[in-house]
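Overview (structure and organization)
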Amino acid sequence: MRGDEVVLDAGCGTGRLTAELLEALPRGRVVGVDLSQNMLATASGHLRPQFGARVGLVAADLLHLPFDRAFDGIVSTAAFHWVMDHDQLFLSLCRALRPGGWLEAQCGGGPNLAKLRKRVAALAATAKFAAFFSGFCEPWFYADAEGAADALRRAGFIDVITSLESAPTVLDTPEQYSEFVSHIILRQHLKCIPGEELRSKFMAQLTEEAAKDRPSFSLDYWRLNLSGQVR
């Protein structure tokens, strides 16, 4: 990067990556986009005092970005797997880029969290919990490298490169595991279960099974790396 680009942080959350981008672009500008007003409020609180007019924050759906040829580049981390329609997502991103613009992104992909997801599905199908998960669908789409590359090319990207990499994570204690999984990974699942007692039993069962893994309390994360350009 030259240092003066205008870059979109797609799915900026609380603005951690946005801040890193602004520091890497001393003469540039970064616009962070997120669907959550709460996330944007948090991002604004710590970004605007430091970076002022060089940062913009916009509430928008990544599927329907309100930009046309506005950015030199787009970056994103841990966001795209929350978007179920990758064809529409990549079309939206492609339209937001200027000619010669680039995309660099990473999200969950391939067999991401396969072990945990299998256990969750089995537990959710038991008599104690099945009624609560009737009609429930996982809130993620974990594309594989080949499928993601095809979708990027269909949207108009060139020089596409995609890859999967293993990124296992190990939590130290059962309490850390339970808290992380319940708040970060299974938040939507647990909303289906009425009452804190039943939710606690659901998590206790998963945590007990994770204790038997080697290493204990491990999460089999897989990252999908995506890059491409527009003409």
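The structure presented is a predicted model; accordingly, all values stated were derived computationally and were not measured. (Residues numbered from 1 in each chain as written. Predicted model: local features only at pLDDT ≥ 70, side-chain atom pairs only at ≥ 80, totals over all residues. Heavy atoms only, no water.)

Cis geometry marks the peptide bond from Arg214 to Pro215, where omega comes out at 0 degrees. Its location among the elements puts Pro215 in the loop between α8 (196-211) and β8 (218-219). One non-glycine residue, Phe217, lies in positive phi territory at about 60 degrees. Among the secondary structure elements, Phe217 is positioned in the loop between α8 and β8. What makes Phe217 buried here is its relative accessible area of 10%. (Helix = DSSP H or I, 4+ residues; strand = E, 2+ residues; numbered from the N terminus. Buried < 20%, exposed > 50% of the residue type's maximum accessible area, 1.4 Å probe, protein only.)

Time to look at helix α3 (residues 86-96). Residues spaced three or four apart along an α-helix point in a common direction, a consequence of the helix completing one turn every 3.6 residues. Buried within α3 are the following residues: His86, Leu89, Phe90, Ser92, Leu93, Cys94 and Ala96. The elements touched by buried residues of α3 are β1 (6-10), β4 (71-77), β5 (97-108), α5 (145-155) and β9 (222-229). Capping the start of α3, Asp85 holds a side-chain oxygen 3.3 Å from the backbone nitrogen of Asp87, two or three residues further along. (Contact = heavy atoms within 4.5 Å. Polar contact = N/O pair within 3.5 Å; in protein donor to acceptor, adjacent residues only side chain to side chain.)

Right, let's get into the packing of helix α1 (residues 16-24) against helix α2 (residues 37-51). Where α1 meets α2, the axes come as close as 10 Å, and the angle between the chain directions of the two elements is 15 degrees. The pairing of α1 with α2 is recorded here as roughly parallel in orientation. Crossing handedness for the pair α1 and α2: right-handed. Contacts between α1 and α2 involve Thr18, Ala19, Leu22 and Glu23 on the former and, on the latter, Leu47, Gln50 and Phe51. For the contact of α1 with α2, a count of residues per class yields four nonpolar, two polar and one charged. (Axes fitted to C-alpha atoms, helices over the stretch in contact; angles between N-to-C directions. Parallel < 35°, antiparallel > 145°, perpendicular 65-115°, else oblique. Left-handed = near helix turned anticlockwise from the far one by under 90°. Nonpolar A, V, L, I, M, F, W, Y, C, P; charged D, E, K, R; others polar.)

What follows deals with the nonpolar core. In this structure, Leu8, Phe80, Phe90, Leu93, Phe157 and Leu226 are the most contacted members of the largest nonpolar core, which totals 36 residues. For this core, the elements supplying multiple residues, two or more each, are β1, β2 (29-34), β4, α3, β5, α5 and β9. Residue contributions to this core peak at six residues, all from α5. Once residues lying within four places of it in the same chain are set aside, the contact partners of Phe157 are Phe90, Leu93, Cys94, Leu97, Leu103, Leu152, Gly228, Gln229 and Val230. Formed by 23 residues, the second largest nonpolar core is a distinct cluster that contains Leu116, Leu206, Leu219 and Tyr221. (Core = buried A, V, L, I, M, F, W, Y, C linked by side-chain atoms within 4.5 Å.)

What follows covers the packing of aromatic side chains. With the rule as written, the count across this model stands at eight aromatic pairs. Their ring planes at 80 degrees and their centres at 5.6 Å tell us that Phe133 and Phe136 sit as a pair that is edge-to-face. The exposure class assigned to Phe133 is buried, which follows from its relative accessible area of 9%. A connected cluster of aromatic rings, assembled from ring pairs, spans Phe129, Phe133, Phe136 and Phe202. (Phe/Tyr/Trp six-rings, centres within 6.5 Å; stacked < 30°, edge-to-face > 60°.)

Judged by pairing direction, the sheet is mixed, and its seven strands sit side by side in the order β3-β2-β1-β4-β5-β9-β6 without closing on themselves. Edge positions in the sheet fall to β3 (55-59) and β6 (158-166), since each of these pairs with one other strand and no more. Across this sheet, the average inter-strand angle for adjacent strands is 15 degrees, counted without regard to direction. Two strands pair when backbone bridges link them, and β5 and β9 are joined in this way by seven bridges, in the antiparallel orientation. In the strand pairing of β9, Cys107 is matched with Leu224. Sheet contacts for α2: β2 and β3; angle to β3, the most-contacted strand, approximately 170 degrees. α5 rests against β5, β6 and β9 of the sheet, and its axis sits at about 155 degrees to β6. (Pairing = 2+ DSSP bridges.)

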